[in-house]
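Structural features, examined
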Amino acid sequence: MTAVTDCWAGLRRYAQAHHLAQVSAGYAAATVVAVIAGGHDFVLPAANSRGWTEMASTVATPLPFAMLAAGSLHSSMASLEQAASGRLARAEVAHLAAALLLAAALLGTATLVTGSPGGAAEGVRNLLIYVGLALISGRLFSRSLSWVVPVGAFVLVDFWGSDGVRPRWWAWQFMVYDSLWSWVAAGAVLTGGVAALVARPAGRSLWPPGRRA
Amino acid sequence: MRFGVFWTEVRRSPLRWWLPVLMALDVAMLVGRDTAWIGVWPQASAAAQLPAYFFGLVLGGGAAWVAGRVHRAGLTEQLAASTRARWRVELPLLASTVFYGLAAFVPGAVLAAVVSTPEAGPGFLWPSYLALGVCLVVLSAATGHLAGKLWESRFVPPIAVAVCLFGQTMLRPFRFYVLSGHPQVEVSPAALAVRVAFVLLIAGFALAIPPRAAGGGQWARRGAGVAGAAGLVAVAMAGPVQVERPAPASALCSDGTPQVCVWPENRKYLPVVSAMATRFSSLPNGVLTVPPAFYEKGLRSAAHPEAGGDFQFLAGELSVPMFMASTVLSRTLPDCEVPGGAEERYSQQVFTLDAYLQVRGLGDARALGAGGGPPGVDLREIARVLGLPDNAQAEWVAERLAAIRGISGDCRD
Amino acid sequence: MEPVAKLRGIRQGYRRRDVIVDLDLDIRHGVLGLLGPNGAGKTTLLRTLATVVPPKRGAITISGVPVDSRRATMEARRRIGYLPQHFGYYPGFTVYDFVRYSAWLRGVPAREADAATREAIGFVDLTDRSRAKLKSLSGGMIRRCGIASAIVGRPQLVLLDEPTVGLDPAQRLEFRSLVRKLKDDRVAVVLSTHLVEDVAAVCDDVVVMAEGRLVWRGDPEALREVAAPDAEGDSPLERGYMSVLAAQGAVA
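In this text the structure is predicted, and so the values were computed from the model without any measurement.

Cut-offs used in this document
Residues numbered from 1 in each chain as written. Chains lettered and ligands numbered in written order. Predicted model: local features only at pLDDT ≥ 70, side-chain atom pairs only at ≥ 80, totals over all residues. Heavy atoms only, no water. Disulfide = S-S within 2.5 Å. Buried < 20%, exposed > 50% of the residue type's maximum accessible area, 1.4 Å probe, protein only. Domains from an automatic or database assignment. Contact = heavy atoms within 4.5 Å. Buried area = accessible area lost by both parts, 1.4 Å probe. Salt bridge = Lys/Arg side-chain N within 4 Å of Asp/Glu carboxyl O. Polar contact = N/O pair within 3.5 Å; in protein donor to acceptor, adjacent residues only side chain to side chain. Nonpolar A, V, L, I, M, F, W, Y, C, P; charged D, E, K, R; others polar. Phe/Tyr/Trp six-rings, centres within 6.5 Å; stacked < 30°, edge-to-face > 60°. Helix = DSSP H or I, 4+ residues; strand = E, 2+ residues; numbered from the N terminus. Lys NZ or Arg CZ within 6 Å of the ring centre and 35° of its normal. UniProt positions renumbered as here; feature names shortened; annotations may be inferred. Axes fitted to C-alpha atoms, helices over the stretch in contact; angles between N-to-C directions. Parallel < 35°, antiparallel > 145°, perpendicular 65-115°, else oblique. Pairing = 2+ DSSP bridges.

Focus: the state of the cysteines
Residues and elements named next belong to chain B.
- Inspection of every chain in the model, using the stated rule, returns 1 disulfide over all chains.
- Residue pairing for C253: its cysteine sulfur links by disulfide to C261, the two sulfurs lying 2.0 Å apart. Taking the sign of the S-S torsion, about 110° here, the bridge from C253 to C261 comes out right-handed.
- Residue class for C253 comes out partly exposed when judged on its relative accessible area of 30%.
- For C261, a relative accessible area of 2% gives the class buried.

Re the domain arrangement of chain B
Residue and element names in this part refer to chain B.
- Domain parsing of chain B yields domain 1 (2–244) and domain 2 (252–407).
- Computed from C-alpha coordinates alone, the two centres of domain 1 and domain 2 are separated by 45 Å.
- Tallying the contact residues gives 13 residues for domain 1 and 13 residues for domain 2.
- Carbon and sulfur atoms supply 55% of the area buried between domain 1 and domain 2, which totals about 940 Å² over both sides.
- At the boundary of domain 1 and domain 2, one finds 0 salt bridges.
- Summed over the shared surface of domain 1 and domain 2, the number is 6 residue pairs in polar contact (both at pLDDT 80 or more).
- Across the side of domain 1 that touches domain 2, the residue classes break down as 8 nonpolar, 4 polar and 1 charged.

Let's talk about the packing of aromatic side chains
- Following the criterion strictly, the structure yields 24 aromatic pairs over all chains and no others.
- Judged by centre distance (5.5 Å) and plane angle (65°), the ring pair of A:Y27 and A:F65 falls under edge-to-face. Of this pair, A:Y27 sits in helix 2 (residues 20–37) while A:F65 is found in helix 3 (residues 62–71), placing the two residues 38 residues apart along the sequence.
- Members of the aromatic cluster, connected to one another through ring pairs, are A:Y14, C:Y90, C:F93, C:Y101 and C:W104.
- Across the ring face of B:F176, the terminal group of B:R195 is positioned such that the distance to the ring centre comes to 5.4 Å.
- Against the face of B:W219 rests B:R222, its NZ or CZ located 4.9 Å from the ring centre.

Observations concerning the side chain of C:D26
Residues and elements named next belong to chain C.
- Inspection of the secondary structure assignment puts D26 in strand 2 (residues 17–27).
- Overall, the relative accessible area of 19% leaves D26 in the buried class.
- Reaching out from D26, the side chain makes a polar contact with the side chain of R8 at a distance of 2.9 Å.
- D26 has contacts with P3, A5, K6, R8 and R217, leaving out every residue within four places of it along the chain.

A look at the pattern of salt bridges
Residues and elements named next belong to chain B.
- Tallied over the full model, the rule gives 28 salt bridges over all chains.
- Two residues, R245 and E265, come together in a salt bridge whose shortest N-O distance is 3.1 Å. Placement of the pair is R245 in the loop between strand 2 (242–244) and strand 3 (252–253) and E265 in the loop between strand 4 (259–262) and helix 11 (270–281), with a sequence separation of 20 residues.

Quick look at the UniProt feature "transmembrane region" (unreviewed entry) in chain B
Residues and elements named next belong to chain B.
- According to UniProt, the "transmembrane region" (unreviewed entry) feature falls on residues 15–32, 52–70, 91–114, 126–147, 159–178, 190–211 and 223–243.
- As annotated, residues 15–32 has a helix share of 94% and a strand share of 0%, and its two end C-alpha atoms lie 24 Å apart.
- The distance from the first to the last C-alpha atom of residues 223–243 is 33 Å, and the span holds 71% helix and 10% strand.

As for the UniProt feature "domain: ABC transporter" (unreviewed entry) in chain C
- The residues that UniProt annotates with the feature "domain: ABC transporter" (unreviewed entry) are residues 5–236 of chain C.
- End-to-end, the C-alpha atoms of residues 5–236 of chain C are 30 Å apart, and along that stretch the chain is 37% helix and 26% strand.

Quick notes on the interface of chain C and chain A
- Contacts between the two partners involve 35 residues from chain C, matched on the other side by 36 residues from chain A.
- Ranking the residues of chain C by area buried against chain A places C:Y101, C:W104 and C:L105 at the top, with a combined share of 21%.
- Remark: the boundary between chain C and chain A carries 3 salt bridges.
- Across the pair A:D6 and C:R100 runs a salt bridge, and its minimum N-O distance is 2.9 Å.
- Run the count over chain C and chain A and you get 13 residue pairs in polar contact (both at pLDDT 80 or more).
- Elements with a minimum of two residues in the side of chain C that touches chain A: strand 1 (5–14), helix 2 (70–77) and helix 3 (95–106) of chain C.
- If one sorts the elements of the side of chain C that touches chain A by residue count, helix 3 of chain C sits on top with 10 residues.
- Looking at the side of chain C that touches chain A residue by residue, the class counts come to 21 nonpolar, 6 polar and 8 charged.

Section: unusual backbone geometry
- Here B:T257 and B:P258 are connected by a cis peptide whose omega angle stands at -5°.
- Among the structural elements, B:P258 can be located in the loop between strand 3 and strand 4.
- One non-glycine residue with positive phi stands out, namely C:E162, at about 45°.
- Relative to the elements of secondary structure, C:E162 occurs in the loop between strand 7 (157–161) and helix 6 (169–184).
- With a relative accessible area of 6%, C:E162 lands in the buried category.
- We note that C:E211 has phi near 50°; this positive angle belongs to a residue other than glycine.

Some thoughts on the packing of helix 5 (residues 139–151) of chain C against helix 6 of chain C
Residue and element names in this part refer to chain C.
- Closest axis-to-axis distance for the helix 5/helix 6 pair is 11 Å, and the angle between their directions is 10°. Classified by the interaxial angle, the pair formed by helix 5 and helix 6 is roughly parallel. Touching G140, R144, I147 and I151 of helix 5 are Q171, E174, F175, L178 and L182, all from helix 6.
- Classifying every residue of the contact of helix 5 with helix 6 by side-chain character gives 5 nonpolar, 2 polar and 2 charged.

Quick look at the pairing of strand 2 (residues 52–56) of chain A
All names here are of chain A.
- In strand 2, alternate side chains face the same way, and those of T53 and M55 are buried while those of W52, E54 and A56 on the opposite face are not.
- Where strand 1 (residues 41–45) meets strand 2, 5 bridges bridge the pair, whose relative direction is antiparallel. By the bridge assignment for strand 2, F42 is matched with M55.
- Here strand 1 folds back onto strand 2 in antiparallel fashion, the turn holding 6 residues, of which G51 has a positive phi close to 90°.

A few points about the arrangement of the chains
- The structure contains 2 pairs of chains in contact, of which chains A and C account for the largest number of contacts.
- These two, chain B and chain C, are apart from each other, with no contact and a minimum C-alpha gap of 11 Å.

Following this line, the structure appears as structure tokens:
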């Protein structure tokens, strides 16, 4: 067996264990949704005086990408991966980077098709935020529950993130693409997520105690 | 015995850890938002219904977890070999999830009723809105339960529930929630009935369809898919969730002049709106032409020539001065035509007068909203004028009117 | 001779609940049987030894190297083969894929991985099924695959958590012969089990745990000798085990 075929076989095994075929199908579905939603605004219930908020679709369309990117780190072999050497940790970082880049490319392109370049930039920024939160969620509750914190954050931002005219300082997903502060915050959240992924030995979620990641 | 199984499922459901979060979310979404709904029964009912939309996500995820846990624990075969029908075995599981959903939903409804009672007067929460909320609770739980049976993963089902809930925001005909409950509208009985039927259908599928892990059952799943799609079509065909209500036989009207008439459900606003009307009419020297009565939207036939200017409570009473000022201005300056090239000067004068009237009507600058009024309006000037005696204010208004008539010479007096 | 693994003053648990209390243990070449009732802390001890969960307190040394940093943990994991009681697997994997993926997880160098995988599959006598998918195998064969995944790359310490659960008698005999082969290869094996027959058949050394503490240690013969005359059990070893637990108040 040559080194190249060996390498591909290794990638195939990793992809199978992490259900990457299903994740790809999820990416495709999320891309279709992003294309359809690209030019639309969502009207959702909110706490402001009108009782609803109108938000760009790019506040919501990165959510499935983020949940898939972070959730795909969960593997069928998770119980054996708990005791893996540093090789797995490096592979997971590469996996996350590739998943994030692919998601950014798909989401950005899909939003550009029916939306605007600014909207695409906002979508990518929101993707960074949600991926960071999904990684933190994976560490807190286990990787198969990577969706909990991003969805919670979405609810929080949607309902309380705007006074009806202006976004609140912490509702970065509502800010326009040229808000430097929102990009700094997105970078910080993503950094926090990546730190949560790599900083502790794999295999132990913080809550509930002892659950496998 | 059956209730024994139900309580066992309630005790071991993972949602027991989430119940405080759900209840807190429910209450926070009620009291942590604009409180204009308090004291108006249909608005309070709609407000109580709304949190179900959000905690449906957690509920659906929990339902999927509970349903999937059976199969992850390797009990699929045991269930398949049970002497009881599948739906009877699964009913306590789904019922326990619905129980937690309702346990989170009910406190919000009770709170809405308690805080509304002192201001709202006769009446109570509208059952149709609460039924919508319960529909959403059951739909989330059933969708999650079904997804948990179809995908053993703990990851996919919540996404399915999220798509189900967020998809509604994009596809209006499929919505199971309303954003507000103005008295002018009500839940369409037909739309509600179809939604209830659809939810029962999905709950039935969630109970009866064999899980994928058990093998077989492809035809049952395909049949359910077709029936579910047909159900969705029926939901869309049933029309919008809210339809217009006929005007009440007798509106609730003030005794003063000008008279103010509101929908009976909006009785809490009558004193404050009457005071606004009085402030419009109290400018001396008859500088403004105030109508003999102000009506809330929907009380008069839409065919009435002045019905277009009837006021609405869009964010409590804050929106009312805007409608009243507009009505007063259109009566005071009827049929103005602006000559070409003078639009900007004309608009600035009208906007200034309009802003003055709104602030005078409400009694403070909140009438102009968070944006601070129309562009080009000097709010400090308006604040100065409002500090003057009524005679001086009337003079200022007369000057503005004269300026407007000067620009648009064919305005009638 | 230096122990393969050394535990000193280990305290382990979740939040305020201690599952293992002040445990000292040396593990040398050969098969160490870990006996104890449910909740005694056997699985937690294996997870701690496998470096899956860092101890709340105490020190672990693997092959003379203290496991006190992330780098040391990762290095130690190359020397440890761990088979959890319930291990997940991708059903579409072939036997070869499964063991090869485990070799990759263990950090077996790429140039050695193919040979190491084939060796491990041969060791558990599944060479003729190496292209079969896991979903087509019986429970016993899946267990053997798990053992192959634990020994691939010749780790110095192999940790097996209840590996005979669900095996039929013939499969258990096969399993015992596999463990004896490991012993012959001078590997240190820690075997957590409820079944004293397994201990009698393959272990050189026995540790009995109760309520998170190491309450007895010796060889199987010594465990037989501590049996009280009135102890319950179907064999001398079982009676010895029950006597140890009774002395600790761990059984009624």
